[in-house]
Amino acid sequence: MTKLLEVNNLSISFTQYVQGLNRHDSKVITDLTIDVNENEIVAVLGSSGSGKSLLAHSILGILPYNSQVTGEIKYNGEVLTQELKEKLRGKEICLIPQSVNFLDPLMKVSQQAIGECEDDKEREEKKIRQREVFSKYGLDESVDDLYPFELSGGMARKVLLSTALLGDPNLLIADEPTPGLDKQSVEETISDIKNLKEQDKGVLLITHEINVALKTADRIAVFYSGHVIEINTAENFKDADNVLHPYTKALINSLPRNGFKLTEGVQPLDDVIGCPYYENCPARMDKCEKNKPKLINHNGVMIRCFNYEEVNDES
Ligand SMILES: Nc1ncnc2c1ncn2[C@@H]1O[C@H](COP(=O)(O)OP(=O)(O)OP(=O)(O)O)[C@@H](O)[C@H]1O
Ligand SMILES: [Mg+2]
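Residues numbered from 1 in each chain as written. Chains lettered and ligands numbered in written order. Predicted model: local features only at pLDDT ≥ 70, side-chain atom pairs only at ≥ 80, totals over all residues. Heavy atoms only, no water.

Comments concerning the domain arrangement of the chain
Note the threshold: Start and end positions for the domains come from either an automated domain assignment or a database one. Only heavy atoms enter the contact rule, under which two residues are in contact if any of them lie within 4.5 Å. By buried area we mean the combined loss of accessible area, with a 1.4 Å probe, across both parts when two parts are placed together. Here a salt bridge means any side-chain nitrogen of Lys or Arg lying within 4 Å of a carboxyl oxygen belonging to Asp or Glu. Polar contacts, as counted here, are pairs of nitrogen or oxygen atoms within 3.5 Å of one another; within protein the pair requires one atom able to donate a hydrogen and one able to accept it, and residues that are adjacent in sequence qualify only if both atoms are side-chain atoms. Labels follow the DSSP assignment, with helices taken as runs of H or I lasting at least four residues and strands as runs of E lasting at least two, numbered in each case from the N terminus. Under this grouping Gly is polar, as are all residues other than the nonpolar Ala, Val, Leu, Ile, Met, Phe, Trp, Tyr, Cys and Pro and the charged Asp, Glu, Lys and Arg.
The assigned domain composition of the chain is domain 1 (38-63 + 88-92 + 170-297) and domain 2 (99-168). Computed from C-alpha coordinates alone, the two centres of domain 1 and domain 2 are separated by 29 Å. At the interface, 19 residues of domain 1 touch eleven residues of domain 2. At the boundary of domain 1 with domain 2, total buried surface from both sides reaches about 1100 Å², with 55% on carbon and sulfur atoms. The three residues of domain 1 that bury the most area against domain 2 are Leu181, Glu188 and Asp192, which together make up 32% of that side's buried surface. Scanning the region where domain 1 abuts domain 2 turns up three salt bridges. A salt bridge links lysine 136 to aspartate 192, with the nearest nitrogen and oxygen atoms 2.6 Å apart. Taken together, the connections running from domain 1 to domain 2 amount to five residue pairs in polar contact (both at pLDDT 80 or more). It is helix α7 (residues 183-198) that provides the largest number of residues to the side of domain 1 that touches domain 2, a total of five residues. Considering only residue class, the side of domain 1 that touches domain 2 consists of six nonpolar, six polar and seven charged.

This is how it looks when you write it as structure tokens:
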């Protein structure tokens, strides 16, 4: 099993100036560790604001200028420097961005999808591929010459998707590729993502739709307030009894088939000293308030919860 992507202890914080003078650093991703193997789809599941897109942007090297990053990201065993990220981006590592604002407003969509070409021969070949991929997603020839502002939300999403797939990536980072798509296009997207996996590629699939994660992924990483709290197999996600973290259990119990039993509460937005789930956790202990559990390997499952650490480990 070859590791395609390794993210080790990634932390991201933003410096903001409150009322012009008071400097405030807020940590939005804390000590995040995740990996993707060849021939594997890893889903990242988490609610809004939990840090999913920032993870994607840090892998691609497109974080905002006011961010501070620590930790390490490796691709094929090699540390991903900013220079290497820029070299591989759009080629070996492709992003399906969450926002349609990633489209260049001044360029026709087919030109954007085709990208830079060495010569006319490459341009012609790519044009043929672009038409094939666009048609697969129901984008007819008249769409090729449109500018992004002329597209509906769903069409723009399909253009982003086609553009990333045309890059022929070895590692695809798909940031919420399905919302707003019709049922057939959702199925098409899932099938394309699975196809990449079959060709020994790796996919990091970011989604807040647990059903898409269950249908597509081999492993699922759960984000909570900038922390990975559990990484478990999609198979185990089918039953709340087979996952470990109290939040993961609550997530699965909240599925419609389980009668929407999601626990109350919101995710803390800023730095938390202890466990990020402390406020809402039905299984919390005193030490969870002021101490942060580490992400540990518990019988092959990565889990960040004191309930699974050794009893005598006082962190
Ligand atoms: N440029 C920035 N400056 C300060 N804070 C930021 C910046 N960009 C993102 N954040 C904060 O980082 C946190 C994580 O943002 P991110 O966009 O990664 O969330 P997400 O999990 O992708 O959410 P969603 O499901 O809504 O897409 C949020 O609280 C957000 O407000
Ligand atoms: Mg996002």
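Brief notes about the state of the cysteines
Put simply, the test is: Two cysteine sulfurs form a disulfide in these notes if their separation is within 2.5 Å. Accessible area is worked out with a 1.4 Å probe on protein chains only. A residue is then buried under 20% of its type maximum, exposed over 50%, and partly exposed in between.
Tallying each qualifying case throughout the model produces zero disulfides. Unpaired in this structure, cysteine 117 has its nearest cysteine sulfur neighbour in cysteine 94, at a distance of 14 Å. Residue classification places cysteine 117 among the buried positions, given a relative accessible area of 18%. Sulfur of cysteine 288: no disulfide; nearest cysteine sulfur belongs to cysteine 275 and is 6.0 Å away.

Thoughts on the nonpolar core
Rule in force here: We define a nonpolar core as any set of buried Ala, Val, Leu, Ile, Met, Phe, Trp, Tyr and Cys residues linked to one another through side-chain atoms lying within 4.5 Å.
If you look at the biggest cluster of nonpolar residues, it comprises 54 residues, and the most contacted ones within it are Leu172 and Ile220. The element best represented in this core is helix α6 (residues 153-166), accounting for seven residues. In this structure, this core is formed jointly by two domains, domain 1 (38-63 + 88-92 + 170-297) and domain 2 (99-168), each of which donates at least three residues. Sequence-distant contacts of leucine 172, defined by excluding residues within four places in its chain, comprise Cys94, Ile96, Ala164, Leu165, Ile193, Leu196, Gly202, Val203 and Leu204. One finds Leu5, Tyr75, Ile173 and Phe223 within the second-largest nonpolar core, a separate group that totals 34 residues.

Points about the sheet that holds strand β2 (residues 22-37)
Condition: Pairing between strands is defined by DSSP: at least two bridges between the two strands are required. To obtain an axis, a line is fitted to C-alpha atoms, over the contacting stretch when the element is a helix, and the angle between two such axes runs from 0 to 180 degrees between their N-to-C directions.
A sheet is described by the order of its strands in space; here four strands give the open sequence β2-β1-β4-β5, paired in antiparallel fashion. Two strands bound the open sheet, and with one partner strand each, they are β2 and β5 (78-79). Taken together, the twelve bridges between strand β1 (residues 3-18) and β2 define a ladder with antiparallel strand orientation. When the bridges of β2 are listed, serine 13 appears paired with lysine 27. Set on the sheet, helix α1 (residues 52-60) makes contact with β1, β2 and β4 (67-75); between it and β1 the angle comes to about 110°.

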